[in-house]
Amino acid sequence: MNLHIQAHYTKHPVSQFNGNPLTEALPAPLRSNEILSRAGRAMQCDTDFWSLDSLYQRAILQGMGDTHIPSDKFITFYQKCWSLLLHSYAYRNPLEPDAMALKMGLAAQYREKVERPVKCSVASHKTTASSVLVTGYSGAGKTTMIRSALSLIPQVIYHVEFEGKPYHQNQIVWLSLDMPSTPSLKALALNFFRAVDDATGSTNYFEQWDSRNRESVDRHLAGMQLVAATHEIGLVHIDELQFLLAYGKSDRVPTLTILEAMFNKIGIPMIISCTDSGLQLFSKHVHVGGKSQPEITTLRRLVNDREFRLETYSKDGSMFLKTLQALYPEWSLLNCTQLSTEFIATFYEHTCGLPAFMTRLAQVHQEYLVYLSQESKLEPDASTNTISYLNTVFVSQFQLYKMALTYLKSKNIRAYESAIVAAQQAQNTEAASPTIKTHAKAPRKASAKPSTSTSIASSSASTSPRAPMLAPMLGEVTVSGPSMASFNTGIKD
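Residues numbered from 1 in each chain as written. Predicted model: local features only at pLDDT ≥ 70, side-chain atom pairs only at ≥ 80, totals over all residues. Heavy atoms only, no water.

Participant: Help me out: how do you make sense of the overall build of the chain in this one?
Facilitator: Each helix and strand counted, the chain has 18 helices and 10 strands in total. Within the span of the chain, comprising 493 residues, buried residues form 50% of the whole. In the chain, 77% of the contacts between residues at least 6 apart in sequence involve partners at least 24 apart. Split by element, the accessible area of the chain, about 23,300 Å² in all, is 51% carbon and sulfur. (Helix = DSSP H or I, 4+ residues; strand = E, 2+ residues; numbered from the N terminus. Buried < 20%, exposed > 50% of the residue type's maximum accessible area, 1.4 Å probe, protein only. Contact = heavy atoms within 4.5 Å. Areas by Shrake-Rupley, 256 points an atom, 1.4 Å probe, with all protein chains shown as cover.)

What follows is the structure in structure tokens.
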């Protein structure tokens, strides 16, 4: 799907969606079979993989990070995005007086020298927009599902003329941004402006506002609303909502109420995504008449449409097997034609059926096989199904997440999420270290009794929502098998 298109207006079969350039410019939604074929992604190779130079082999394997096998919820979620857009734009026809008044009110508020909290905005839309919540464990594929579905919808539509009259507009259909990791409303505003610039490719809001750091928080937020209305943003995806839990109590940090006022109250629906720990945000209580009760208003307005929950893949379920087949296509298999039952069971034991862990383990495992093949260090009769190689990679490369996966196996989800955060912080600290050890320890001598354990070790998480959660790490080999030292250095270099 081309994310930038010229407006081509088509009448809808329902009259309420016609006579509006924002709705008529939306292309027809995809059918179910088209959705799955376009959203599915897997690495490709049209020649004998194992006869290629290792440089090409690794380049092909690098594409594994983009693997996406749409889940059974994907079609429903895509259709929900479309319904949010049509419903939102139907109430925001830019040719009607109400929409013009909204923009004028926001512009006037922005120009005011008297600071006005965004929650008290004079420009309030006649209907509060709907919102959708997407939850699940860290690594379950929430961000991947959301952004893959949105990528099937044009992001920017360029208008010049509508019904014979000039209408110049760069319509941003959808926007995706992360909550800032720091407790700052200005940081939230900068994330928003950067996302707008990335979408249009022609604006420089981030640069403008980054140089205006001395201006007040309320002015930053008013600027956000004005930009959102100016570009007719259709819906906004806000990721990593659980960051709100670490912000503390202050009137200058992002909150659910501020997010509601920023977007929903000017008619822009939100898709909000968070880990299970973030669900605590919707259990907030307030005191009314001396009694504690849930803050129903914010909860109802923010999650008033639907909740999508992503779970780990079950061991015998179709999603686990389909994903595994995409990660290990037949052309990538070494000295075998299919994965063995033992390999599949061990792979599941190491990843718990989480897509992010599956993708990263498969990539590093196959890169290790390429390395061993290149260095002529493969054992006799070795194949992709050789369990010792899978265990060697897992134990040596995925150490930071051992405790997290242990908690996940025991269904202690809160402890799992806390361990994930701790592991990410440890990884960030290690990555920021000014000194990097480049020497490799000599491998330990093999134990008299070869290890047969396939228990959980761990993995490492990525700090970027667009990258695989796990990242290769230097680590010491603790199971029998060829040394990983040179292999690690090769990856790092």
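Participant: Would you mind showing me how to read the sheet that holds strand β3 (residues 156-162) here?
Facilitator: By way of backbone hydrogen bonds, the strands of a sheet pair with one another, either parallel or antiparallel. Across the sheet, which stays open at both edges, the three strands sit in the order β1-β3-β4 with mixed pairing between neighbours. Only two strands of the sheet have a single neighbouring strand rather than two, namely β1 (4-6) and β4 (165-172). Taking each pair of neighbouring strands and ignoring which way they run, the sheet shows an average axis angle of 10°. Pairing analysis gives three bridges linking β1 to β3, with the strands arranged parallel. Within β3, the position partnered with Ile 5 by the bridge is Ile 157. (Pairing = 2+ DSSP bridges. Axes fitted to C-alpha atoms, helices over the stretch in contact; angles between N-to-C directions.)

Participant: What is the right way to look at the sheet that holds strand β5 (residues 174-178) in this model?
Facilitator: Spatial ordering of the open sheet is given by β5-β6-β7-β2-β10, a layout of five strands whose pairing is parallel. Both edges of this open sheet fall to β5 and β10 (306-310), since each of them pairs with a single strand only. Pairwise comparison of adjacent strand axes, ignoring direction, gives a mean angle of 15° for this sheet. Relative to strand β6 (residues 235-239), β5 runs parallel, the two sharing five bridges. Across the sheet, residue Leu 175 finds its bridge partner in β6, namely Val 236.

Participant: Would you mind showing me how to read the pairing of strand β2 (residues 131-136) here?
Facilitator: Successive residues of a regular strand alternate their side chains across the two faces of the sheet. Of all the six residues making up β2, six are buried; the element is thus mostly covered by neighbouring parts of the structure. Alternating positions in β2 separate into two faces, Ser 131, Leu 133 and Thr 135 on one and Val 132, Val 134 and Gly 136 on the other, with burial throughout. Relative to strand β7 (residues 270-274), β2 runs parallel, the two sharing five bridges. The partner of Val 132 across the bridge, within β7, is Ile 271.

Participant: Explain helix α12 (residues 318-327) here, please?
Facilitator: Owing to its 3.6 residues per turn, the α-helix brings residues three or four apart onto one side. Regarding α12, the residues found buried are Met 319, Phe 320, Thr 323, Leu 324, Ala 326 and Leu 327. In an axial view of α12, the angular spread of the buried residues amounts to 160°, which keeps them on one side of the axis. Along its buried surface, α12 packs onto α13 (341-351) and α14 (355-374). (Arc of directions from axis to C-beta.)

Participant: Can you walk me through the packing of aromatic side chains in this structure?
Facilitator: Geometrically, a pair of aromatic rings is defined through the distance of the ring centres and the angle of the planes. Per the counting criterion, the structure on display carries 19 aromatic pairs. Here Tyr 78 and Trp 82 contribute two aromatic rings whose centre-to-centre distance is 6.5 Å and whose plane-to-plane angle is 65°, an arrangement assigned as edge-to-face. With Tyr 78 and Trp 82 both in helix α4 (residues 74-90) and four residues apart, the pair spans about one turn of that helix. Judged by its relative accessible area of 1%, Tyr 78 falls in the buried class. Their ring planes at 90° and their centres at 4.9 Å tell us that Phe 320 and Tyr 348 sit as a pair that is edge-to-face. Here Tyr 348 lies in helix α13 and Phe 320 lies in helix α12, a separation of 28 residues in the sequence. Here Phe 320 matches Tyr 348 in class, with each residue buried. Three or more aromatic residues joined by ring pairs make a cluster, and in this case those are Tyr 110, Phe 192, Phe 193, Tyr 205, Trp 209 and Phe 263. The side chain of Arg 194 reaches across the aromatic face of Phe 206, ending 3.9 Å from its centre. Sitting over the face of the ring of Trp 209, Arg 212 holds its NZ or CZ atom 4.0 Å from the ring centroid. (Phe/Tyr/Trp six-rings, centres within 6.5 Å; stacked < 30°, edge-to-face > 60°. Lys NZ or Arg CZ within 6 Å of the ring centre and 35° of its normal.)

Participant: It is not clear to me how the packing of helix α7 (residues 185-200) against helix α9 (residues 217-230) should be interpreted in this structure. Could you clarify?
Facilitator: Packed helices, taken two at a time, are described by the angle between their axes plus the distance between the axes. For the pair α7 and α9, the least separation of the axes is 9 Å and the interaxial angle reads 25°. By the angle class used here, α7 and α9 are roughly parallel. Crossing hand, α7 versus α9: left-handed. Facing Leu 185, Lys 186, Ala 189, Phe 192, Phe 193 and Val 196 of α7, the residues of α9 in contact are Val 217, His 220, Leu 221, Gly 223, Met 224, Val 227 and Ala 228. Here the residues of the contact of α7 with α9 sort into 10 nonpolar, two polar and one charged. (Parallel < 35°, antiparallel > 145°, perpendicular 65-115°, else oblique. Left-handed = near helix turned anticlockwise from the far one by under 90°. Nonpolar A, V, L, I, M, F, W, Y, C, P; charged D, E, K, R; others polar.)

Participant: Even after reading the chapter, I still don't get unusual backbone geometry, so can you show me in this structure?
Facilitator: If you check the backbone angles, Glu 240 has positive phi at about 60° while not being a glycine. You can see Glu 240 is positioned in the loop between β6 and α10 (256-262). Its identity as a non-glycine residue notwithstanding, Lys 411 has a phi of 65°, on the positive side. Note on placement: Lys 411 falls in the loop between α16 (402-409) and α17 (413-431). With a relative accessible area of 60%, Lys 411 lands in the exposed category.

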